Amino acid sequence: MPQKLLDVLLLGRCSHEFSWPRRASDGQFYQVCLLCAAEYKYDWTTMRRTERVAHEAPESTSSPKRRQQVRKPTWVPRARRIKMDAPVRYRVKNLGTWNEGTIANLSQSGVLLLGPQRFPENTLVEMVFEMPEEISGQKNSKVLCQGRIIRMKNAHEEAQDHEFAASILDYKFIH
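Residues numbered from 1 in each chain as written. Predicted model: local features only at pLDDT ≥ 70, side-chain atom pairs only at ≥ 80, totals over all residues. Heavy atoms only, no water.

K.L.:
Sorry, what's going on with the sheet that holds strand β10 (residues 162–174) here?
P.N.:
Pairing between sheet strands relies on hydrogen bonds along the backbone, with the strands arranged either parallel or antiparallel. One closed barrel accounts for 6 strands, arranged β5-β6-β7-β10-β9-β8; its pairing is antiparallel. Between one strand and the next, the sheet's axes are offset by a mean angle of 45°, whatever the strand orientation. With 5 bridges joining them, strand β5 (residues 82–92) and strand β8 (residues 124–131) adopt antiparallel strand pairing. Bridge assignment links V88 to a residue of β8, and that residue is F129. (Pairing = 2+ DSSP bridges. Helix = DSSP H or I, 4+ residues; strand = E, 2+ residues; numbered from the N terminus. Axes fitted to C-alpha atoms, helices over the stretch in contact; angles between N-to-C directions.)

Written as structure tokens, this is what we have:
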């Protein structure tokens, strides 16, 4: 940790710890470094950051600009999923003991989990797991997420694990 701090202070370099990909008002995705606030474009099809976003200074003109109408698409494709087989700990938000489960896949909007505990839809949950290096830019990046159960798949009675989807409402990296 002291070496990272020295690099940033003396050399101006940042070790970059990236946020979850976000969607801009124009529909494009980007990621923000949580340490230096640099923004990079993000491509969900290749799961990679592309070039750094350059913010242009607003022009100071006396005539007001007409705002162009942006048509929203009527059909939105399903978000790309990263298939995973990663351990996750989850529980009802601020309550109870942690349950051990597995993340089946991860997307920009949420996670698909397999686990022994069954929850009703709209239950607020907390999840702790390691963020994939493709998203965070670093290895061993644990994240604490707050989410909401949006779908429970009915498991067979003899099945030990239930399958459910949770949308991600908020998250923070755990150091």
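K.L.:
Please explain the nonpolar core as it appears in this structure.
P.N.:
Core analysis: the biggest nonpolar cluster contains 29 residues, and L106, V111, M127, F129 and I135 have the highest contact counts within it. Those elements that place two or more of their residues in this core are β5, β6 (99–106), β7 (110–115), β8, β9 (141–153) and β10. Look past the residues within four positions of F129 in its chain and what remains in contact with it is W20, P87, V88, I103, L106, V111, S141, K142, V143 and C145. (Core = buried A, V, L, I, M, F, W, Y, C linked by side-chain atoms within 4.5 Å. Buried < 20%, exposed > 50% of the residue type's maximum accessible area, 1.4 Å probe, protein only. Contact = heavy atoms within 4.5 Å.)

K.L.:
I keep staring at the packing of aromatic side chains and nothing clicks. Help me out?
P.N.:
Aromatic rings considered in pairs are described by the distance between their centres and by the relative angle of their planes. With the rule as written, the count across this model stands at 8 aromatic pairs. Measuring from ring centre to ring centre gives 6.2 Å for F29 and W44, while their planes differ by 80°; the resulting arrangement is edge-to-face. With F29 in strand β2 (residues 29–32) and W44 in the loop between β3 (39–43) and β4 (48–52), this residue pair connects regions lying 15 residues apart in the sequence. Judged by its relative accessible area of 16%, F29 is buried. For W44, a relative accessible area of 6% translates into the label buried. Judged by centre distance (5.9 Å) and plane angle (85°), the rings of Y90 and F119 are edge-to-face. With Y90 in strand β5 and F119 in the loop between β7 and β8, this residue pair connects regions lying 29 residues apart in the sequence. On the basis of relative accessible area, Y90 is assigned to the buried category, the value being 1%. Members of the aromatic cluster, joined through ring pairs, are W20, Y171 and F173. Here the basic side chain of R49 rests over the ring of F18, its NZ or CZ set 3.8 Å away from the ring centre. (Phe/Tyr/Trp six-rings, centres within 6.5 Å; stacked < 30°, edge-to-face > 60°. Lys NZ or Arg CZ within 6 Å of the ring centre and 35° of its normal.)

K.L.:
Please clarify how the pattern of salt bridges should be interpreted in this entry.
P.N.:
Pairing is possible between side chains of opposite charge, provided their charged atoms come close. A full pass over the atoms with the stated rule returns 3 salt bridges. Salt-bridge contacts for E100 lead to R89; the nearest nitrogen and oxygen are separated by 3.7 Å. Of this pair, E100 sits in strand β6 while R89 sits in strand β5, and the two are 11 residues apart along the sequence. E100 sits in the exposed class, given a relative accessible area of 52%. The partly exposed category is assigned to R89, whose relative accessible area is 36%. (Salt bridge = Lys/Arg side-chain N within 4 Å of Asp/Glu carboxyl O.)

K.L.:
Would you take a moment to explain the sheet that holds β2 for this structure?
P.N.:
The antiparallel open sheet is built from 4 strands, whose spatial order is β1-β2-β3-β4. Looking along the sheet, the strands with just one partner apiece sit at the ends: β1 (22–23) and β4. Bridge count for β2 against β3 is 4 bridges, and the pairing is antiparallel. Across the sheet, F29 pairs through a bridge with Y42, a residue of β3.

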